[in-house]
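Now for the letters of each chain:
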Amino acid sequence: MDTQDSFLIGSIECTVLSDGWSDYSPEAIFPGVPEEQWRRFAGSTLTEEGMIRLAYQTLLLRSGERLALVDAGLGDFGGPDGSAGKLPGSLEGLGIGPDDIDVVLVSHAHPDHIGGLVRLGGPAPVPAFRNARVVMRRDEFGFWTSDASASMMEVMREVTGMVLPAIDHAQLLDLVDDDREVFPGVRFEPAPGHTPGHAAVLVSDDDQGAIYLADALIHTSQFENPEWTAAFDALPEVTVESRRRLLELAASRDLTTMAFHVAGRGRVRLRGAVFGWDPEG
Ligand SMILES: [Zn+2]
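Because the structure is a prediction, the values reported are computed rather than measured. (Residues numbered from 1 in each chain as written. Predicted model: local features only at pLDDT ≥ 70, side-chain atom pairs only at ≥ 80, totals over all residues. Heavy atoms only, no water.)

Colleague: Give me the sheet that holds strand E11 (residues 199-205): which residues, what numbers.
Modeller: With mixed pairing, the six strands of this open sheet are ordered in space as E10-E11-E12-E13-E14-E15. Of all strands in the sheet, those bounded by a partner on one side alone are strand E10 (186-190) and strand E15 (274-280). Neighbour-to-neighbour, the strand axes of this sheet turn through a mean angle of 30 degrees, independent of strand direction. Pairing analysis gives five bridges linking E11 to strand E12 (residues 208-212), with the strands arranged antiparallel. Counted as the bridge partner of Ser 204 is Gly 209 from E12. (Pairing = 2+ DSSP bridges. Helix = DSSP H or I, 4+ residues; strand = E, 2+ residues; numbered from the N terminus. Axes fitted to C-alpha atoms, helices over the stretch in contact; angles between N-to-C directions.)

Colleague: Now, about the sheet that holds strand E3 (residues 52-63): what can you tell me, with residues and values included?
Modeller: Across the sheet, seven strands lie side by side as E1-E2-E3-E4-E5-E8-E9; this open sheet has mixed pairing. Each edge of the open sheet carries a strand with a single partner, namely strand E1 (5-9) and strand E9 (173-176). Going across the sheet, the axis of each strand differs from the next one's by a mean of 25 degrees, ignoring polarity. Summarising the sheet, strand E5 (residues 103-106) and strand E8 (residues 133-137) pair through four bridges and their orientation is parallel. Along E8, the bridge assignment pairs Val 103 with Arg 133.

Colleague: Lay out the coordination of the zinc ion with the relevant residues and their values.
Modeller: Of the protein atoms, only Asp 112 (OD), His 113 (NE2), Asp 215 (OD) and His 261 (NE2) coordinate the zinc ion, at distances of 2.1 to 2.2 Å. Metal-centred angles of 83 to 169 degrees between the four donor atoms at the zinc ion mark the site as irregular. Going along the chain, you hit the donors of the zinc ion in the pattern D-H-x101-D-x45-H. Remark: His 261 occurs in the loop between strand E13 (256-259) and strand E14 (262-271) and His 113 occurs in helix H4 (residues 111-114); sequence separation between them is 148 residues. Neither His 113 nor His 261 differs from the other in exposure class; each is buried. (Donors = N, O, S within 2.8 Å, 3.2 Å for Na, K, Ca; no water. Tetrahedral: all angles 85-135°; square planar, octahedral: opposite > 155°, others 65-115°. Buried < 20%, exposed > 50% of the residue type's maximum accessible area, 1.4 Å probe, protein only.)

Colleague: Report on the environment of Gly 32, specifying residues and quantitative values.
Modeller: Along the chain, the position of Gly 32 falls in the loop between helix H1 (26-29) and helix H2 (35-42). In this structure, the C-alpha to C-alpha distance between Gly 32 and Ala 230, residues 198 residues apart in sequence, is 9.3 Å.

Colleague: Account for helix H8 (residues 236-252), with residues named and values stated.
Modeller: Over its 17 residues, H8 runs 24 Å from end to end, which matches the ideal 24 Å to within 8%, given 1.5 Å per residue. Turning to H8, its buried residues are Thr 239, Val 240, Ser 242, Arg 243, Leu 246, Leu 247, Leu 249 and Ala 250. Positive backbone phi, at 55 degrees, marks Asp 254, one or two positions downstream of H8. (Expected span 1.5 Å × (residues − 1).)

Colleague: Give me the lowdown on the packing of aromatic side chains, citing residues and values where you can.
Modeller: The tally for this structure, following the rule as stated, stands at seven aromatic pairs. Ring geometry for Phe 41 and Trp 228: centres 5.5 Å apart, planes at 90 degrees, overall edge-to-face. Highlighted residues: Phe 41 in helix H2 and Trp 228 in the loop between helix H7 (221-224) and H8, separated in sequence by 187 residues. Taking relative accessible area as the criterion, Trp 228 reaches 7% and is therefore assigned buried. The rings of Phe 30, Trp 38, Phe 41 and Trp 228 are connected pair by pair, giving a single aromatic cluster. A cation over an aromatic ring shows up here: Arg 53 above the ring of Trp 21, its NZ or CZ 3.7 Å from the ring centre. (Phe/Tyr/Trp six-rings, centres within 6.5 Å; stacked < 30°, edge-to-face > 60°. Lys NZ or Arg CZ within 6 Å of the ring centre and 35° of its normal.)

Colleague: Run through the pattern of salt bridges, naming residues and quoting values.
Modeller: Counted according to the given criterion, the structure contains 18 salt bridges. Of the charged contacts in the structure, one is a salt bridge between Arg 267 and Asp 254, with a shortest N-O distance of 3.4 Å. In this pair, Arg 267 is assigned in strand E14 and Asp 254 in the loop between H8 and E13, connecting sequence segments 13 residues apart. Classification of Arg 267 as buried rests on a relative accessible area of 18%. What you see here is one network of salt bridges that share partners, running through Asp 5, Asp 254, Arg 265, Arg 267, Arg 269, Arg 271, Asp 278 and Glu 280. (Salt bridge = Lys/Arg side-chain N within 4 Å of Asp/Glu carboxyl O.)

Colleague: Could you give an account of the environment of Thr 15, naming the residues involved and the relevant values?
Modeller: You can see Thr 15 is positioned in strand E2 (residues 12-24). Assessed through its relative accessible area of 5%, Thr 15 is described here as buried. Setting aside chain neighbours within four positions, we find Thr 15 in contact with Gln 4, Asp 5, Ser 6, Thr 58, Leu 59, Leu 60 and Leu 94. (Contact = heavy atoms within 4.5 Å.)

So, in structure tokens, the structure goes:
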């Protein structure tokens, strides 16, 4: 999970970057699924302590001289000894500093995806990528900055309440509500459910394509069991609808596929009526 893996989509260079990992209780990842069932699909994500280990990984895109990050990782919110928040080190490993990033695309405003947009430690959070436009869907921003999110977990609202205003006040925020290019060859693909304004990201150039599912799918078991939802899915039924639609898209177009919480990258295959996952790279 700590190595960097690059591939080309046309002329766009894509690099999977680790932000670390985190362990979750099986009850949070597989609520309502009998243990003997989820154990069959847990694979290497099941730790010796009986926890489910999810990767945290972002995507770096390079088009010519321009650099875009897709999601920002947990940042400083995991604390200095946390297992996540490693993105700055991963970037540094490529010789890239935070000021080199031109655009950060945000799939949704959960702490593990936006925490890294700011640095903590001073009197107030400050933007971590000072030269970057932060682009997110208007409906996602609206959800977290209104009473609509009042029922969401306190820890989530606390982080969004610190991060989003800091980016907004620094005038780095661009909100989009259509399918415009947000970086050369790159568009948001709305995929609501995990959060109301959650979006995947499509990369296409020269007849080649990739899809970043973000958290429309968070565990490899969900390829074969797309109806399994996690405790963090705000709208479970909508999550499943979005997931099936994206998996069909990825399989039918043979897209290079990655998800924030599934280590590495691969391709989605439709075998009969069942989705499968072929890791690559
Ligand atoms: Zn996540």
